[in-house]
Amino acid sequence: MFPLMKGRVPRQAHVGVPDGTYEEEHARRGFVGRTSQLYHLNPPTAWVRVEGPLRPRLLLGANAKPEDATSARGEPLVLLENADAVVSISRRREPMPFFVRNCDGDEVHFVHEGRGVVETDYGPLRYEPGDYVWIPKGTTYRLVPESEDGFFMIVEAREFSLPDRGPMGQYAFLDPAVMESPEPQTHDERGREFELRVRRERQWTSFFYRHHPLDVVGWRGDLTPLRFNVRDLRPVVSARYHMPPTVHSTLVSEAVTICTFAPRPLETDPECQRLPYFHRNIDYDEVLFYHSGQFMSRHGIGEASLTLHPQGIHHGPHPSAFEAVRKKQNTEEVAVLVETTRPLRVTAAAEGLEDPAYHTNWSQP
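Structure report, in brief. In this convention, every chain numbers its residues from 1, walking through the sequence in written order. Given that the model is predicted, a residue must reach a pLDDT of at least 70 before its local features are reported, and side-chain atom pairs must reach 80 or more before they are shown or counted; all residues, however, enter totals for whole chains, interfaces and linings. The side-chain figures draw on all heavy atoms in the structure; neither hydrogens nor water molecules are used.

Runs of H or I in DSSP of at least four residues are treated as helices and runs of E of at least two as strands, each being numbered from the N terminus. In terms of helices and strands, the protein chain carries 2 helices and 22 strands. Scaling as 2.2 N^0.38, a compact globule of 365 residues should have a C-alpha radius of gyration of about 21 Å, and the protein chain matches this with 22 Å. Here the C-alpha coordinates of the protein chain stretch approximately 80 × 45 × 40 Å along the principal axes. Contacts are assigned to residue pairs with any non-hydrogen atoms lying within 4.5 Å of each other. The contacts in the protein chain between residues at least 6 apart in sequence include a share of 73% that link residues at least 24 apart. The Shrake-Rupley method, run with a 1.4 Å probe sphere, supplies the accessible areas, and residue values consider only the shown protein chains as cover. For the protein chain, the computed accessible surface area is about 17,900 Å², with 49% contributed by carbon and sulfur atoms. One finds the centroid of the 42 positive side-chain charges in the protein chain at a distance of 3 Å from the centroid of its 51 negative side-chain charges. We compute the radius of gyration from the C-alpha atoms alone; for a globule the expected value is 2.2 Å times N to the 0.38, where N is the number of residues. The charge count includes Lys and Arg as positive and Asp and Glu as negative, but it does not include His or the ends of the chains. Lysine's charge is taken at NZ, arginine's at CZ, aspartate's at CG and glutamate's at CD.

Next comes the structure, spelled out in structure tokens:
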């Protein structure tokens, strides 16, 4: 296959978009498969009403009230799920009175607010806002907050790995050397009862010991919990081309990808489109968690909110973003993008957090 050009189009994608038109990307496999650009007279997102389940959704995560916010034995609140992934919110304030082992898959905790320690059988990892804490499947751990403002967005999938950066090399975006692994901290305690909660197929079984479960004196190998912060990321940028979200890939699995939008300079070529282009990514559901700053292409979305854009449905910049971006030299946002190959189910708990007006956001000035 090779690109064809019909009608009024620019010579290159995302550069010199014809006056009075709106560019839309129709792509397979994210932005790395077969792709075409279509040039519309009107924004593809300018609908005024939606009837049916495939509407874009905004979940006000700041209003979430997980069980673990008020009970030490409580659990995170599941917002979105499918056979491959679970997206949850935790607001734990007290240390876990038990230990946890997830046998369904890896957990990636993004720290929105709060400080503390994740105790693991490999050793402890301290956390702070902007951290990713990557806990491999089968790791025994315990979360110990040191502040009462804890807020985590948790993504679960079968097994995460670092993405292949291709010709950019292994140091692009995230240098593996900045990822912190734990030093063993042996707990030689006996006598009282210790509970280890093990989850398999989303059901819990509790095991009780007379010794502390974190009694490891040393470890070796390449499977371990890891921590890194968004400030460690070095975004891939181009002065003359707006890079697709795939260059921001942070962790990947077979059916789930986590990307990070971090502060970066904007394109300087006057003909280059500086905003994310409209697209109807038909192979992925897209969830965006807003951590901090003003997200350049959105309007009126607060921190700790999550948006869900279902597969096949257009999304792209808010109308006000086109004018606002002309005055900027760089972005200020930090946001976490989660893409899944299977459609996500919105839980009943998440339904109660939805802003019902969001799906017509693009038709508003």
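Before going further, it helps to examine the packing of aromatic side chains. Each aromatic ring pair is summarised here by two numbers: the centre-to-centre distance and the angle between the ring planes. Stacked, tilted and edge-to-face are the three classes assigned to paired rings of Phe, Tyr and Trp, where Trp is represented by its six-membered ring and a pair needs centres within 6.5 Å; plane angles under 30 degrees give stacked, over 60 edge-to-face, the rest tilted. Tallying each qualifying case throughout the model produces 10 aromatic pairs. A ring pair is formed by Y122 and W219, whose centres lie 5.1 Å apart and whose planes are at 75°; its orientation type is edge-to-face. Of this pair, Y122 sits in the loop between β8 (116-120) and β9 (123-127) while W219 sits in the loop between β14 (203-211) and β15 (226-229), placing them 97 residues apart in sequence. A simple rule labels every residue: compare its accessible area, found with a 1.4 Å probe on the protein chains alone, to the largest value its type can have, and call it buried under 20%, exposed over 50%, or partly exposed in between. Among the residues examined, Y122 registers a relative accessible area of 18% and is labelled buried. Exposure remark for W219: the relative accessible area of 29% places this residue in the partly exposed category. Grouped by ring-pair contacts, the aromatic residues F110, Y132, F151, F228 and F289 constitute a single cluster. One residue, R142, lies across the ring of F99, its end atom 6.0 Å from the ring centre. Here the guanidinium or amino end of R197 rests over the ring plane of F98, the centre of that ring lying 4.7 Å away. Whether a charge lies above a ring is judged from NZ of Lys or CZ of Arg, which has to be within 6 Å of the ring centre and within 35 degrees of the ring normal.

It is worth spelling out the nonpolar core at this point. Counting residues in each nonpolar core, the largest one holds 39 residues, and the members touching the most others are L79, L80, M153, F160, F289 and L306. Of all the elements, strand β12 (residues 151-157) adds the most residues to this core, at 4 residues. Take the buried residues of types Ala, Val, Leu, Ile, Met, Phe, Trp, Tyr and Cys, join any two whose side-chain atoms come within 4.5 Å, and each joined set is a nonpolar core.

Moving on, we get to unusual backbone geometry. A positive phi angle is found at F173, which is not glycine, with a value near 70°. Within the secondary structure, F173 sits in the loop between β12 and β13 (190-200). Of note, R202 is a non-glycine position whose phi angle comes to about 60°, a positive value. Turning to its location among the elements, R202 is positioned in the loop between β13 and β14. Residue classification places R202 among the partly exposed residues on the basis of a relative accessible area of 39%.

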